[in-house]
Amino acid sequence: MDYTVPKLTDYSAAALEKAASDLWQAFESEMGVVFSPDEKKAFRDRWFARKNGILAQINELWLKTAPKEKRAEAGRFVNGIKFEMERKVEKGITFPFAPVRSRDHAGVVADIDITLPGVRRPIGAEHPVIKTTNEMVRVFQKLGYSVAEGPVVETDYYNFEALNFPPNHPARDTQDTLFIAGQQSKTQRERLLLRTHTSPVQIRTMEKMRPPIRIVIPGTVHRNDPPDASHSPMFHQIEGLAVDTNITFGDLKGTLDHAMKEFFGSSVKTSFRPSFFPFTEPSAEMYVSCFICGGSGRRGADPCRPCKQTGWIEILGCGMVDPNVFEFVKGNGYDPKKVSGFAFGMGADRIALLKYGVDDLQLFFQGDVRFLGQWA
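The sections below set out a description of the structure shown in this document. What you are looking at is a predicted structure, and each value in this text was computed from that prediction instead of being measured.

**Some remarks on the nonpolar core**
Next, step 1: Residues Phe140, Leu256, Met260, Ile315, Leu316 and Met346 are the most contacted members of the largest nonpolar core, which totals 45 residues.
Next, step 2: Counting only elements with at least two residues in this core, the list comes to helix 5 (128-142), strand 5 (234-244), helix 8 (249-264), strand 7 (280-289), strand 10 (312-321), strand 11 (340-347), helix 10 (348-356) and helix 11 (369-372).
Next, step 3: The contacts of Leu316, once residues within four sequence positions are left out, are Leu256, Met260, Ala284, Glu285, Met286, Phe344, Gly345 and Met346.
Next, step 4: One finds Tyr3, Val34, Phe77 and Val89 within the second-largest nonpolar core, a separate group that totals 26 residues.

**Digging into the pairing of strand 10**
Next, step 1: The buried fraction of strand 10 is high, at eight of ten residues.
Next, step 2: Looking at chain direction, strand 7 and strand 10 are connected through eight bridges and run antiparallel. Each bridged residue has a counterpart across the sheet, and for Met286 the counterpart in strand 10 is Leu316.
Next, step 3: Two strands pair when backbone bridges link them, and strand 10 and strand 11 are joined in this way by five bridges, in the antiparallel orientation. Pairing of Cys318 across the sheet is with Phe344, part of strand 11.

**Focus on the packing of aromatic side chains**
For any two aromatic rings, the description comes down to two numbers: the centre-to-centre distance and the angle of the planes.
Next, step 1: According to the stated counting rule, one finds 17 aromatic pairs in the structure shown.
Next, step 2: A centroid spacing of 5.4 Å and a plane angle of 85° characterise the contact between Trp24 and Phe27, whose relative ring orientation is edge-to-face. One end of the pair is Trp24 and the other is Phe27, both in helix 1 (residues 13-31) and three residues apart, which spans about a single turn.
Next, step 3: For Phe27, a relative accessible area of 0% corresponds to the buried category.
Next, step 4: Considering the side-chain rings of Tyr157 and Tyr158, the 5.0 Å spacing of their centres and the 80° angle between planes classify their relative orientation as edge-to-face.
Next, step 5: Seen from the ring of Tyr158, Arg204 lies directly overhead, with NZ or CZ sitting 4.0 Å from the centre.
Next, step 6: Sitting above the plane of the Tyr287 ring, Arg273 keeps its charged end 3.8 Å from the centroid.

**Examining the pairing of strand 7**
Next, step 1: The buried fraction of strand 7 is high, at seven of ten residues.
Next, step 2: One ladder, built from seven bridges, connects strand 6 (residues 270-277) with strand 7; its direction is antiparallel. Residue Ser275 lies in a different strand from strand 7, and its bridge partner there is Ser283.

**Overview of the sheet that holds strand 7**
Within a sheet, each strand pairs with its neighbour through backbone hydrogen bonds, oriented either parallel or antiparallel.
Next, step 1: Strand order in the open sheet formed by seven strands is 1-4-5-11-10-7-6, with mixed pairing between adjacent strands. Whereas interior strands pair on both sides, the edge strands pair on one side only; in this sheet they are strand 1 (146-147) and strand 6.
Next, step 2: Across the face of the sheet, helix 10 comes into contact with strand 5, strand 10 and strand 11 while running at roughly 55° to strand 11.

**Observations concerning the packing of helix 5 against helix 10**
Next, step 1: For the pair helix 5 and helix 10, the least separation of the axes is 9 Å and the interaxial angle reads 100°. Put simply, helix 5 runs roughly perpendicular to helix 10. Touching Pro128, Val129, Lys131, Thr132, Thr133, Glu135 and Met136 of helix 5 are Ala348, Asp349, Ile351, Ala352, Lys355 and Tyr356, all from helix 10.
Next, step 2: Its residues assigned to classes, the contact of helix 5 with helix 10 shows seven nonpolar, two polar and four charged.

**Quick notes on the environment of Phe165**
Next, step 1: Considering the arrangement of structural elements, one finds Phe165 in the loop between helix 6 (156-159) and strand 3 (192-194).
Next, step 2: Under the relative-accessibility criterion, Phe165 is labelled buried at 10%.
Next, step 3: A sequence separation of 112 residues divides Phe165 from Phe277, and the C-alpha atoms of the two residues are 9.1 Å apart.

**Structural notes on the side chain of Glu39**
Next, step 1: Locating Glu39 in the fold gives a position in helix 2 (residues 37-48).
Next, step 2: Within the structure, Glu39 has its side chain in polar contact with the backbone nitrogen of Ser36 (distance 3.0 Å).

**Remarks on the pattern of salt bridges**
Next, step 1: Tallied over the full model, the rule gives ten salt bridges.
Next, step 2: Note that Glu60 is salt-bridged to Lys64, the shortest N-O span being 3.0 Å.
Next, step 3: Overall, the relative accessible area of 40% leaves Glu60 in the partly exposed class.

**Quick look at helix 2**
Next, step 1: Across its twelve residues, helix 2 extends 16 Å between first and last C-alpha, which sits within 8% of the 16 Å expected from 1.5 Å per residue.
Next, step 2: Listed in full, the buried residues belonging to helix 2 are Glu39, Lys40, Phe43 and Trp47. Buried residues of helix 2 fall within an arc of 100° about the axis and therefore sit on the same side. Exposed and facing more than 90 degrees away from the buried side of helix 2 are Pro37, Asp38 and Lys41.

Criteria and thresholds
Residues numbered from 1 in each chain as written. Predicted model: local features only at pLDDT ≥ 70, side-chain atom pairs only at ≥ 80, totals over all residues. Heavy atoms only, no water. Core = buried A, V, L, I, M, F, W, Y, C linked by side-chain atoms within 4.5 Å. Buried < 20%, exposed > 50% of the residue type's maximum accessible area, 1.4 Å probe, protein only. Helix = DSSP H or I, 4+ residues; strand = E, 2+ residues; numbered from the N terminus. Contact = heavy atoms within 4.5 Å. Pairing = 2+ DSSP bridges. Phe/Tyr/Trp six-rings, centres within 6.5 Å; stacked < 30°, edge-to-face > 60°. Lys NZ or Arg CZ within 6 Å of the ring centre and 35° of its normal. Axes fitted to C-alpha atoms, helices over the stretch in contact; angles between N-to-C directions. Parallel < 35°, antiparallel > 145°, perpendicular 65-115°, else oblique. Nonpolar A, V, L, I, M, F, W, Y, C, P; charged D, E, K, R; others polar. Polar contact = N/O pair within 3.5 Å; in protein donor to acceptor, adjacent residues only side chain to side chain. Salt bridge = Lys/Arg side-chain N within 4 Å of Asp/Glu carboxyl O. Expected span 1.5 Å × (residues − 1). Arc of directions from axis to C-beta.

Any link to function would need more than the numbers given here.
Set out below in structure tokens:
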């Protein structure tokens, strides 16, 4: 530890190079004898302590005393040294992998025992909900759909108005939607909220892209629901949109029937039942035959709980895009008299519950690796 930081008076290239050479020689010499955690701490304190470390000293003695016309050059010089030294320390002094020095009378340094088992870092795995989402998205990608994404914090316009929700729709009430505070001074369409579905991405995509389009939209959504076995204030959705000329409800049924067979197995049957959604007309809920009991409603002598003994499980909502929705993007080629389309949306969390036989949604969000590790 003989090195002391000299005060620079000469800032020529040769003088800076000589100062840097002496500094690096001392640095590498001292770092070369650091082995134990205590030595590592002492080395860091000597070189990197904020107030009186060597790097702090070169800042005072080399940078701050530099002539005004040389200060920028000296700053780059000093900062470059600091960066390289910090990088080298992070790469060169790591524990517990550094060799252990044996201080016998001869000062011999012991070798590393390479026969000892290494330290393994646990490898993570996809979360069951993310895994389910990715599998479903891949099904639609094979059908030619592109993946689209959008912001979680949305405006009332994209989340409700442009999707044909009337101003007094119950979903717009604070009992159902999580609004951002302090929005009272804004007009209703400009007020910010946490999106309640991934449908706003449909409008945003149609604003950017002319038809035809085929997109699938995975993402998180938020609603004002208390957490319980089947509800969560944050959950995951997968939506889809297809727009072109002459798209019919038959195209919708054929697409979703194929997708469900790809995901759940070729023996699965689908059923469509009338429903209502503000942004589709006509609308339907799609059911699949229970892939757990095979549609029988029973599992041996016991009733099948997932399908409630009906043999059918509700999977998603869908329908033909309401012409009123196209009116909001009519200027970008979506004239409702010339194009048509279908949309669908499903809850990835619900599908994961059914697929993995889990009866409590909260288990997916509690982070217990004993539970999540079952699908690793």
